[in-house]
Amino acid sequence: MGKSKYKRDWSKYDENVITRYKLMFPFYVFEHWWDLLAEENRNARTKYKAPKEFDEFLAFLHIFLPYRAIEGVLRALEQLKIIPTSLDYSTIWKRVRNMKITFPEASDELEVIADATGISTNTGGQYIVAKWGKTRDSKFLKIEIVMDNNEFNVINAEVTSNEVESAVKTVKDLQDKGKKVKKFYGDKTYDANEVYKTGVEVVVPPKKNASTKRGHLARRKAVREFRKLGYDRWREEKGYGVRWRVESLFSAVKRTFGESVRATSFAGQVVEAKLKFWAYAWMVHLANSVVGRAPGIRV
């Protein structure tokens with residue numbers, strides 16, 4: 001094999017990865033527990049036993065551990081006097097299930113890439129699949145990701161059966177916040193009038209039966225341009241090749257947090273699936289803000 005066409009500052013990259021996990025553990029919450037709790041309980045109808053900031057730690061643990069196991073971890077932390085009190089199963093469950101899952105703030109100007117991937121709900125695990133193969137009972141959640149092309153940040157993650165509707169909503173939400181979305185990249189799934197109606201430059205290959213006589217004006221124009229250039233030239237001129245970044249993101253998240261969820265209820269499965277991308281997004285964002293990015297540079 002020939003030499004790689006990319007170079008990376010591996011020392012900086014390794015430090016970035018280490019920092020991701022270091023910052024996901026809320027040591028500041030442990031240190032300022034009583035101050036945070038007093039502030040939250042000041043006008044609360046129901047008194048909290050732990051600060052709300054502690055919920056993110058519980059959510060991060062839940063990616064790896066079931067709720068009963070988290071209860072055991074908290075008891076150990078209490079015995080070690082790292083936290084002043086542990087939480088029971090019901091409290092942990094409610095805090096994680098009801099936590100508002102938010103992603104890092106998007107850039108003021110950005111290009112977005114949208115795509116979906118499957119998260120397995122097969123509780124038998126990878127061993128069963130490897131030994132017996134996929135069965136009729138094997139099921140997947142479809143989770144759609146909208147990411148920042150330049151910053152490699154997850155902007156939103158939604159379990160959905162309608163990828164176009166979900167992506168359009170994310171773009172409109174960005175626009176409502178005053179963000180300028182310059183380009184939208186996606187596969188043929190997103191060749192829809194609704195995407196073009198956002199007013200963003202759409203870089204999506206049209207479907208084979210796409211019409212040049214019906215639909216949104218921008219979409220009809222895009223179809224004519226695609227057919228005139230041909231796929232290869234269109235791909236090169238439009239920069240469509242950047243879509244590999246979302247595939248890289250899917251791979252990174254699944255290698256880090258696994259390809260399946262443990263929950264048996266649909267609501268629990270949705271939360272677990274979103275938490276995988278939530279945690280990865282914040283890990284990368286926080287580490288980049290402290291250490292800086294260490295991207296591969298083409299040479």
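Looking at an unreviewed UniProt entry, the protein carries the name Transposase ISC1058, with the source organism given as Saccharolobus solfataricus.

> Which residues make up the environment of Phe 277, and what are the values?
Within the secondary structure, Phe 277 sits in helix α13 (residues 266–290). Classification of Phe 277 by relative accessible area gives buried; the value is 0%. With 120 residues separating them along the chain, Phe 277 and Ala 157 place their C-alpha atoms 6.9 Å apart. Excluding residues that lie within four positions of it along the chain, Phe 277 makes contacts with Phe 103, Thr 117, Ile 143, Ile 145, Val 154, Ala 157, Phe 250 and Val 253.

> Can you tell me about the domain arrangement of the protein, naming the residues and giving the values?
One can read the domain layout of the protein as domain 1 (10–98) and domain 2 (109–291). With centres defined by C-alpha atoms, the gap from domain 1 to domain 2 works out at 30 Å. Domain 1 puts 18 residues into the contact, and the matching count from domain 2 is 21 residues. Overall, the association of domain 1 and domain 2 removes approximately 1700 Å² of surface from exposure, summing both partners, and the carbon and sulfur fraction of that is 71%. The three residues of domain 1 that bury the most area against domain 2 are Arg 20, Ile 63 and Arg 97, which together make up 35% of that side's buried surface. Linking domain 1 to domain 2 there are zero salt bridges. Viewed at the interface, domain 2 and domain 1 are joined by four residue pairs in polar contact (both at pLDDT 80 or more). Of all the elements in the fold, those that place two or more residues in the side of domain 1 that touches domain 2 are α1 (10–24), α4 (54–64) and α6 (89–97). A per-element tally of the side of domain 1 that touches domain 2 places α1 first, with eight residues. Taken together, the residues of the side of domain 1 that touches domain 2 sort by class into 10 nonpolar, three polar and five charged.

> Before we move on, can you summarise the sheet that holds strand β4 (residues 154–159) with the specific residues and values?
Strand pairing within a sheet occurs via backbone hydrogen bonds; the two strands may be parallel or antiparallel. Pairing is mixed in the open sheet, where five strands are placed in the order β4-β3-β2-β5-β6. Every interior strand has two partners, whereas the edge strands, β4 and β6 (201–203), have only one. The mean angle between the axes of side-by-side strands here comes to 25 degrees, regardless of whether they run parallel or antiparallel. When strand β5 (residues 180–185) meets β6, the two strands line up parallel, connected through three bridges. Looking at β6, one finds that Tyr 185 is bridged to Val 203.

> How would you explain the packing of helix α12 (residues 244–257) against α13 if you had to name every residue and give the values?
As a packed pair, α12 and α13 sit with axes 10 Å apart at the nearest point and diverge in direction by 105 degrees. The angle between the axes of α12 and α13 places the two elements in the roughly perpendicular class. Across the interface between the two elements, Leu 249, Phe 250, Ala 252, Val 253, Thr 256 and Phe 257 of α12 pack against Lys 276, Phe 277, Ala 279, Tyr 280 and Met 283 of α13. Tallied by class, the residues present in the contact of α12 with α13 amount to nine nonpolar, one polar and one charged.

> Tell me about the nonpolar core, residues and numbers included.
In this structure, Phe 54, Leu 74, Ile 145, Leu 275 and Trp 278 are the most contacted members of the largest nonpolar core, which totals 57 residues. Taken domain by domain, the makeup of this core includes at least three residues from each of domain 1 (10–98) and domain 2 (109–291). Apart from residues lying up to four places away in sequence, Leu 275 is in contact with Ala 59, His 62, Ile 63, Val 96, Met 99 and Ile 101.

> Hey, could you go over the packing of aromatic side chains for me, with residue numbers and the actual values?
Across all of its chains, the model carries 17 aromatic pairs by this definition. Residues Phe 25 and Phe 60 carry aromatic rings whose centres are separated by 5.7 Å and whose planes lie at 80 degrees to one another, so their mutual orientation is edge-to-face. Residue Phe 25 is located in the loop between α1 and α2 (27–31), and its partner Phe 60 is located in helix α4; the two are separated by 35 residues in the primary sequence. The partly exposed category is assigned to Phe 25, whose relative accessible area is 32%. For Phe 60, a relative accessible area of 2% puts it in the buried group.

> Go over the side chain of Ser 166 with me, naming the residues and quoting the values.
Position of Ser 166 relative to the elements: it lies in helix α8 (residues 163–176). Residue classification places Ser 166 among the buried positions, given a relative accessible area of 11%.

> A description of the pattern of salt bridges should follow, citing residues and the corresponding values.
For the structure shown, the criterion picks out 15 salt bridges. Lys 182 is the salt-bridge partner of Glu 109, the closest N and O atoms lying 3.9 Å from each other. Here Lys 182 lies in strand β5 and Glu 109 lies in strand β2 (residues 109–120), a separation of 73 residues in the sequence. Exposure remark for Glu 109: the relative accessible area of 47% places this residue in the partly exposed category. Exposure remark for Lys 182: the relative accessible area of 36% places this residue in the partly exposed category. Beyond isolated ion pairs, a larger network of salt bridges with shared partners links Arg 68, Glu 71 and Arg 75.

Calculation criteria
Residues numbered from 1 in each chain as written. Predicted model: local features only at pLDDT ≥ 70, side-chain atom pairs only at ≥ 80, totals over all residues. Heavy atoms only, no water. Helix = DSSP H or I, 4+ residues; strand = E, 2+ residues; numbered from the N terminus. Buried < 20%, exposed > 50% of the residue type's maximum accessible area, 1.4 Å probe, protein only. Contact = heavy atoms within 4.5 Å. Domains from an automatic or database assignment. Buried area = accessible area lost by both parts, 1.4 Å probe. Salt bridge = Lys/Arg side-chain N within 4 Å of Asp/Glu carboxyl O. Polar contact = N/O pair within 3.5 Å; in protein donor to acceptor, adjacent residues only side chain to side chain. Nonpolar A, V, L, I, M, F, W, Y, C, P; charged D, E, K, R; others polar. Pairing = 2+ DSSP bridges. Axes fitted to C-alpha atoms, helices over the stretch in contact; angles between N-to-C directions. Parallel < 35°, antiparallel > 145°, perpendicular 65-115°, else oblique. Core = buried A, V, L, I, M, F, W, Y, C linked by side-chain atoms within 4.5 Å. Phe/Tyr/Trp six-rings, centres within 6.5 Å; stacked < 30°, edge-to-face > 60°.

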